[in-house]
Amino acid sequence: MSLQILILAVTAACCLGFGFVLQQNAAQKAPLSDFLSPRILLDLMKVPRWLGGIGLMVVGMALGAMALGQGEISLVEPLLATNLLFALMLSRRQTKQPLGRQGWIGLALLAGGVTAFIVAGQPTGGAATSDPLRHWLIIGVMIGAALLLTAYAKRSRLSSGPALLATAAGLLYGVQDALTRVTGQRFAEGGIMEVLTGWQPYAVVALGLTGLILVQSAFETASLRMSLPALTAAQPLAGILCGVGFLGDRLRTDAGALAWESAGLAGIVVGIILLGTHSAMPCGAPQPRRAAAAVQTA
């Protein structure tokens, strides 16, 4: 792993983490009638804090795209998952909560899991598969799962809904990252005309906007503790699956390496959950008030 990729990915994670906190601060005050509607973006555009969060998110996505253009998605995605560390850092300044045992254990698991996965897997690039069926099967499964999660979330918006929406957004963002890498490769091969004649850049935009609506709806109806862990865990898992599935990424597959890779991914997920549910994360609007508002808008 080059130092440049490491700096790009970690800086992207920093921007994403700070941006998510600012977005949730603003989105929790949006009317519940905007739930899963593009109107939520129009309403939030009037809030300076949300615009600042979106600006940081755009910068983070641009830096992440640069990292994906230089490194394998199986390498970059675990590093992007550290955005939760930066989200917690900003949240601690707002809530004045100490890290405590849960925070330090979560930090160690996330950092150790990322390190174990990268060191054991040693992700390397390879030739992308030319089988379109494999491409569409993996992408279809990801998008189909996101649609099912979203459909169920509409029925349980104030209970498990936010976590389901965040998981769906994470799956879409993982696919978006994979297609971003494909778009970068097309640009390197044939310039801007090669990019514009392919379907991938348009899919990147569509997935980004859809994911943004899902994320803001999750932020609107619950605290970061319920939504951000699911988002942060789902995105790298989906991205790694796409990378290995059809982008040609290669991981070591001997028994010892697979064991450490699995342990690393498990550490990442558990660390994300511990950090995401930490008391330092903003708790959002009181649940009874939100529930009452949901009844009024139903």
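Now for a quick tour of the structure. Starting afresh in each chain, residues are numbered from 1 along the sequence in its written order. At least 70 in pLDDT is required for a residue's local features to be given in this predicted model, at least 80 for side-chain atom pairs to be given and counted, and no such filter applies to totals for whole chains, interfaces and linings, which use all residues. In computing side-chain properties, one takes all heavy atoms of the structure into account and sets aside hydrogens as well as water.

Let's shift gears to the nonpolar core. For this analysis, a nonpolar core means a set of buried residues of the types Ala, Val, Leu, Ile, Met, Phe, Trp, Tyr and Cys, connected via side-chain atoms within 4.5 Å. Throughout, exposure labels follow a simple rule: accessible area from a 1.4 Å probe, protein chains only, divided by the maximum for the residue type, with under 20% read as buried, over 50% as exposed, and the rest as partly exposed. If you look at the biggest cluster of nonpolar residues, it comprises 79 residues, and the most contacted ones within it are L228 and L231. With twelve residues, the single largest contributor to this core is helix α8 (residues 161–196). In what follows, a contact means two residues having at least one pair of non-hydrogen atoms within 4.5 Å. If we ignore the near neighbours within four places in the chain, the residues touching L231 are F20, A166, A169, G170, Y173 and V215. Think of it this way: any DSSP run of H or I at least four residues long counts as a helix, any run of E at least two long counts as a strand, and we number them from the N terminus.

Here helix α7 (residues 132–153) spans 31 Å end to end across 22 residues, near enough to the 32 Å set by a 1.5 Å rise per residue. The complete set of buried residues in α7 reads H135, I138, I139, M142, A146, T150 and A153. Looking down the long axis of α7, one finds its buried residues gathered within 105° of arc, a one-sided arrangement. Every exposed residue of α7 that faces more than 90 degrees away from the buried side is listed here: L133, L137, V141, L147 and L148. Looking at the packing, one finds that the buried side of α7 touches α8, α9 (200–221) and α10 (224–246). A helix is expected to span 1.5 Å multiplied by its residue count minus one. Note that the arc is computed from the directions linking the helix axis to the C-beta atoms.

Attention now moves to helix α11 (residues 255–276). An ideal rise of 1.5 Å per residue puts 32 Å on 22 residues; α11 measures up with 31 Å between its terminal C-alpha atoms. Listed in full, the buried residues belonging to α11 are A257, E261, G264, G267, I268, G271, I272, L275 and G276. Mapping the buried residues of α11 onto a view down its axis gives an arc of 140°, with all of them on the same face. In this fold, the buried residues of α11 make contact with α4 (73–80), α5 (83–95), α6 (100–121) and α10.

Turning next to the packing of helix α1 (residues 3–27) against helix α3 (residues 48–70). Packing of α1 against α3 brings their axes to within 7 Å, and their N-to-C directions diverge by 155°. Between α1 and α3, the angle is such that the two are roughly antiparallel. Relative to α3, α1 is oriented so that their crossing is left-handed. Its residues assigned to classes, the contact of α1 with α3 shows 19 nonpolar, ten polar and one charged. Every angle, taken between N-to-C directions, lies between 0 and 180 degrees, and every axis is a line fitted to C-alpha atoms, over only the stretch in contact when it is a helix. Roughly parallel means an angle under 35 degrees; roughly antiparallel means over 145; roughly perpendicular covers 65 to 115; every other angle is labelled oblique. Note on convention: near helix rotated counterclockwise from far helix by under a right angle means a left-handed crossing. Clockwise means right-handed. Under the scheme applied here, ten amino acids are nonpolar (Ala, Val, Leu, Ile, Met, Phe, Trp, Tyr, Cys and Pro), four are charged (Asp, Glu, Lys and Arg), and all others, including Gly, are polar.

Before going further, it helps to examine the state of the cysteines. Any cysteine sulfur atom paired with another within 2.5 Å is treated as part of a disulfide. Inspection of every chain in the model, using the stated rule, returns zero disulfides. Here C14 is not disulfide-linked; the sulfur of C15 is the nearest cysteine sulfur, at 5.5 Å.

Let us look at unusual backbone geometry. Phi is positive for Q122, close to 45°, though the residue is something other than glycine. By the secondary structure assignment, Q122 is in the loop between α6 and α7.

The next point concerns the side chain of Q176. Mapped onto the elements, Q176 comes out in helix α8. The class for Q176 is buried, based on a relative accessible area of 5%. Two N or O atoms form a polar contact when they lie within 3.5 Å of each other; inside protein one atom must be a possible hydrogen donor and the other a possible acceptor, and for residues adjacent in sequence the pair counts only when both atoms belong to side chains. Here the side chain of Q176 touches V204 through a polar contact of 3.1 Å, landing on its backbone oxygen. Every residue in contact with Q176, bar those within four places of it in the chain, is listed here: M61, V204, L207 and G208.

Looking at where S227 falls in the secondary structure, it is placed in helix α10. Among residues more than four places away in sequence, those in contact with S227 are P162, A166, A218 and F219.

With that settled, consider the packing of α7 against α8. Direction vectors running N to C along α7 and α8 enclose 160°, while the axes themselves pass 8 Å from each other. Comparing their axes, α8 and α7 come out roughly antiparallel. Considering the relative orientation of α7 and α8, their crossing is left-handed. Two secondary-structure elements touch here, α7 through I139, M142, I143, A145, A146, L149, T150, Y152 and A153 and α8 through G161, L164, L165, T167, A168, L171, L172, V175 and L179. Class assignment of the residues belonging to the contact of α7 with α8 gives a composition of 15 nonpolar, three polar and no charged.

Let us look at the packing of aromatic side chains. Aromatic rings from Phe, Tyr and Trp, with only the six-membered ring used for Trp, were paired whenever their centres fell within 6.5 Å, and each pair was classed as stacked if the ring planes differed by under 30 degrees, edge-to-face if by over 60, and tilted otherwise. Scanning the entire structure with this criterion turns up three aromatic pairs. Seen from their ring centres, F18 and F86 are 6.3 Å apart, and the 90° between their planes marks the pair as edge-to-face. Here F18 is found in helix α1, whereas its partner F86 is found in helix α5, with 68 residues between them in sequence. Using a relative accessible area of 23% as the deciding quantity, one classes F18 as partly exposed. In this structure F86 comes out as buried when scored by relative accessible area, which is 15%. Plain terms: the ring middles of F20 and F219 are 6.2 Å apart, the flat faces sit at 75° to each other, and that makes the pair edge-to-face.

Moving on to the pattern of salt bridges. What makes a salt bridge here is a side-chain nitrogen of Lys or Arg within 4 Å of a carboxyl oxygen of Asp or Glu, nothing more. On inspection of all chains with the given rule, the structure shows three salt bridges. Of the charged contacts, one joins D249 and R181 as a salt bridge, the two residues approaching to 2.6 Å between their closest N and O atoms. With D249 in the loop between α10 and α11 and R181 in helix α8, this residue pair connects regions lying 68 residues apart in the sequence. You can call D249 buried: its relative accessible area is 4%. A residue is classified by how much of its surface remains accessible, and R181, at 9% relative accessible area, is buried. D254 is the salt-bridge partner of R252, the closest N and O atoms lying 3.3 Å from each other. On the accessibility criterion, R252 (33% relative accessible area) is partly exposed.

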